Amino acid sequence: MIKFIGGTRKIVIMLLLVIVLCVNSSNISQAESPQVTVPDGSIESSLSPNENLVPVGATIANYDFEIAQDSKLKTWQVSGDKSSSQQATSGYSGQHSLQHANSRKDYQVRTEQILTGLENGYYTLTGWTKNSGGQRAAYLYAKGADKSESRTALPVSSQWIKVTVRGVQVNDGKMTVGIYSDAKAGNWLNLDFVELVHDNRPYKLPKGGDVSELTQIEAKGGKFYDRKGKQKDLFQILKEEGHDIVRLRLYNDPGKGKGDGEYYRPAGFMDKQDILKLAKRAKAAGLQIQLSFHYSDYWTNGELQIIPNEWQKQIQNLTTEQQKVDKLYQLLYDYTTEIMQSMKAQGTTPEYVSLGNEMQSGLLYPFGKIEDATSENWDHNWDHLARFLKAGSQAVKAVSPSTKVIIHLDDAGNYNKYYDFFDQLNLYQVDYDIIGPSYYPYWTKKTVSQLVDFLNDIGQKYEKDIMIMETGFNWNPTLPDNSPGQLVDNGPYPASMSSREGQRDFMYELFNGLKSVNNGRVIGDLYWDPIMIPAPGLGWAIREADDLPGKNVVSNTTLFDFDGKALPVFDAYRYNTEGVPSTTKQENEQ
């Protein structure tokens, strides 16, 4: 039944439609579904600018939902509230589409088709959707015979958006494709122009966030609750809600007198012993680990990359710059090796390691500091920085060849910054595996669509996979005391999205966008400080002058509310999945 056909498919299907209409004209009905008012108040047009599109890949009968009888779509099976699945009188590729809608009552409905005769291997499913939003769940899915569903939650949009489900495995020639709604009265979605391509690309998109502050939060009395209000271990909640990975950031030896002179990071948190303990808890919960080396006792970013206090002592009596750089090279290599060996020894070898944190201006200032390509020290300091990065990469691979090395920069969407930096990495032949941008709509002023264009560009230019190392979106306009947080707004997204539902809808959009990047180049996303809830005495750092905490400025961008209760944003994690063996619990979830 399923074959790879060229451009004749559209003609054949249309001829079949004409025959059916001639024979059964008295019984055939184009759906009597009511006009749908989209969120901007306009009425959908029945005309499509894409009527000449021809699908590619495997044959999906009635892929454009043009064939129906008595309002029932041919070749598609409906389960649940069948009255809520219907043919709509507007489409992306023609004059019709599938619609899930019911204006009178809440509903659950599934519309699907079983495909047979497929070649074994991996597939990518796509479909064009519109979506009112507000559903408890709405996702496009595909399922092989012995796997649970691979899903992509639908973005909220009154315009047609392409939704992508990657890495669907077939090993017996069969696959089920479909769309599911668990919706409230008045919610609606439309689906059109469904395609299935045998690209033979396995795919996983690990999704999670940074939990490095957890020990300190718990020490300050912070507690976490699931969406039903039941207190649980954080890692249990994350796993239950669809997280696959955690980020752990490592300081060498934090403590008083080892910061920037004004603030310091408290001793005993995010050092080697603390990170080892957190890594054990994460692995016990079945989560992957992304380990970030700060190579400092304090926060690092583009402005600050302070050499660890102990390392400063070891180079202070050396007389030449070259001697100091040589010593730092060896210290960095030895320290990276030590941490990796300790992680491996306890069974928590990280799957991913980043060499530095937002190190777009270098490491170990001033020796590895780079500014821009016009600065007089550009080539000189790049010599040093390349050596430091090679030391870190070589140490990681010596302990764990399978661990992927990430280079983490800020400001996703800044083409020139990334070109300048990664061109130099190629020039110096630095070995790394993954490009790791930070993406915040507030800082970058970029939408997901603009981000996708950027990721397509750098993925193709450097032929590297990409992991979003940080992302954040405020779910409340202010902190608990009504003052602005670090993310004052959400950049190009409207103020109305600074809400619990707005954060969830942004992550729906983001995950679908990341999956859409060409060739499946984006292979992970890490949320920034998703657990940094309010707790007495908890802050981003401690003041040297009085040992009081600086303000927690991200408690309105977390994945938990001000009381530690899981937010609706977890739906974006739960309903964006890749298929796993069908014996797991996930298969039984709606």
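Attention in this report is confined to the structure presented alongside it. (Residues numbered from 1 in each chain as written. Predicted model: local features only at pLDDT ≥ 70, side-chain atom pairs only at ≥ 80, totals over all residues. Heavy atoms only, no water.)

1. Focus: the overall build of the chain
Filter applied, for reference: Each helix is a run of DSSP H or I of at least 4 residues and each strand a run of E of at least 2, with the numbering of both proceeding from the N terminus. We call a residue buried when its accessible area falls under 20% of the maximum for its residue type, exposed when it is over 50%, and partly exposed in between, using a 1.4 Å probe and counting protein chains only. Contact definition: two residues touch when any of their heavy atoms are within 4.5 Å.
Looking only at helices and strands, the chain features 12 helices and 25 strands. Counting across all 590 residues of the chain, residues that qualify as buried make up 58%. Partitioning the intrachain contacts of the chain with sequence separation of at least 6 by distance along the chain shows that 78% fall at a separation of at least 24.

2. Comments concerning the pairing of strand β22 (residues 465-468)
Just so we agree on the cut-off: For two strands to count as paired, DSSP must find a minimum of two bridges between them.
Here strand β21 (residues 434-439) pairs with β22 via two bridges, running parallel. Among the inter-strand pairings, I434 is bridged to a residue of β22, identified as D465. When β22 meets strand β24 (residues 522-527), the two strands line up parallel, connected through two bridges. Within the sheet, the bridge partner assigned to I468 lies in β24 and is D525.

3. Points about the environment of E310
As for its placement among the helices and strands, E310 is situated in helix α5 (residues 309-315). Expressed as a C-alpha distance, the spacing of E310 and D253, which sit 57 residues apart in the sequence, is 8.3 Å.

4. Examining the packing of aromatic side chains
Condition: Note on ring pairs: Phe, Tyr and Trp rings are taken, using the six-membered ring of Trp, and paired if centres are within 6.5 Å. Classes follow the plane angle, with under 30 degrees stacked, over 60 edge-to-face and the rest tilted.
All told, the structure shown has 35 aromatic pairs when counted by the stated rule. Taken together, a centroid distance of 4.1 Å and an interplanar angle of 10° make the contact between Y92 and W128 stacked. Separated by 36 residues along the polypeptide, Y92 in the loop between β4 (85-88) and β5 (97-101) and W128 in strand β7 (residues 121-131) bring together distant segments of the chain. When the centroid spacing of 5.6 Å and the interplanar angle of 45° are considered together, the rings of F422 and Y432 count as tilted.

5. Here we look at helix α10 (residues 448-462)
Basically, it comes down to this: Working rule for helices: expected span equals 1.5 Å times residues minus one.
In a regular helix each residue adds 1.5 Å, so 15 residues correspond to 21 Å; α10 covers 21 Å between its end C-alpha atoms and thus fits that length. Among the structural elements, α8 (415-427), β21, β22, α11 (500-516) and β24 are those in contact with the buried residues of α10. Residue E463 follows α10 closely and has a positive phi angle near 50°.

6. Quick look at the pattern of salt bridges
What counts, and what does not: Each reported salt bridge corresponds to a side-chain nitrogen of Lys or Arg within 4 Å of a carboxyl oxygen of Asp or Glu.
Following the criterion strictly, the structure yields 31 salt bridges and no others. The shortest N-O distance in the salt bridge between D106 and R136 comes to 3.6 Å. Taken together, the residues D106 in the loop between β5 and β6 (107-115) and R136 in the loop between β7 and β8 (137-143) connect sequence positions 30 residues apart. With a relative accessible area of 35%, R136 lands in the partly exposed category. A salt bridge links R504 to D505; the nearest nitrogen and oxygen atoms lie 3.1 Å apart. The exposure class assigned to D505 is buried, which follows from its relative accessible area of 17%. Ionic contacts of the salt-bridge type, sharing partners, join the residues D210, R247, R249 and E470 into one network.

7. Quick word on the nonpolar core
The line we're drawing: Think of a nonpolar core as a cluster: buried Ala, Val, Leu, Ile, Met, Phe, Trp, Tyr and Cys residues, connected wherever their side-chain atoms sit within 4.5 Å.
Core analysis: the largest hydrophobic core is formed by 116 residues, its most contacted members being I407, F421, F422, L455 and F560. Here the element with the most residues in this core is helix α7 (residues 378-399); it accounts for nine residues. Those residues in contact with L455 that lie beyond four places of it in its chain are P437, I466, I468, L514, V517 and V522.

8. Looking at the sheet that holds strand β12 (residues 188-197)
Quick note on the threshold: Convention adopted: a line fitted to C-alpha atoms gives each axis, helices being fitted over their contacting stretch, and angles between N-to-C directions are expressed from 0 to 180 degrees.
Pairing within the open sheet is antiparallel, and its five strands lie in the order β4-β5-β12-β7-β10. The sheet terminates laterally at β4 and β10 (157-170), the two strands that pair on one side only. For this sheet, the mean angle separating the axes of adjacent strands, direction not counted, is 30°. Sheet analysis places β4 next to β5, joined by four bridges and oriented antiparallel. Its bridge partner lying in β5, S85 is registered against H100.

9. Brief notes about the side chain of S181
Locating S181 in the fold gives a position in strand β11 (residues 175-183). Those residues in contact with S181 that sit more than four places away from it in its chain are H100, Y107, Q108, V109, A137 and L189.

10. Digging into the packing of α8 against α10
For any two helices packed against each other, the geometry is given by the interaxial angle and the distance between the axes. Here is the rule: Reported orientations rely on four angle classes, namely roughly parallel under 35 degrees, roughly antiparallel over 145, roughly perpendicular from 65 to 115, and oblique for the rest. Working rule for handedness: look at the near helix, and if it is turned counterclockwise from the far one by less than a right angle, call the crossing left-handed; if clockwise, right-handed. Polar here means any residue outside two lists: the nonpolar Ala, Val, Leu, Ile, Met, Phe, Trp, Tyr, Cys and Pro, and the charged Asp, Glu, Lys and Arg; Gly therefore counts as polar.
The geometry of α8 relative to α10 is characterised by a closest axis approach of 11 Å and an angle of 20° between their N-to-C directions. In terms of their interaxial angle, α8 and α10 are classed as roughly parallel. The handedness of the crossing between α8 and α10 is right-handed. Where α8 approaches α10, its residues Y415, Y418, Y419, F422, D423 and N426 are matched on the opposing element by D453, F454, D457, I458, K461 and Y462. For the contact of α8 with α10, the per-class residue count stands at seven nonpolar, one polar and four charged.

11. Things to note about helix α4 (residues 272-284)
The terminal C-alpha atoms of α4, which comprises 13 residues, lie 18 Å apart, in line with the 18 Å expected from a rise of 1.5 Å per residue. All buried positions along α4 are accounted for by D274, I275, L276, L278, A279 and A282. Where the residues of α4 are buried, they touch α2 (214-219), α3 (234-240), β14 (245-250), β16 (288-293) and α6 (321-345). Looking at the residues trailing α4, positive phi occurs at G286, about 85°.

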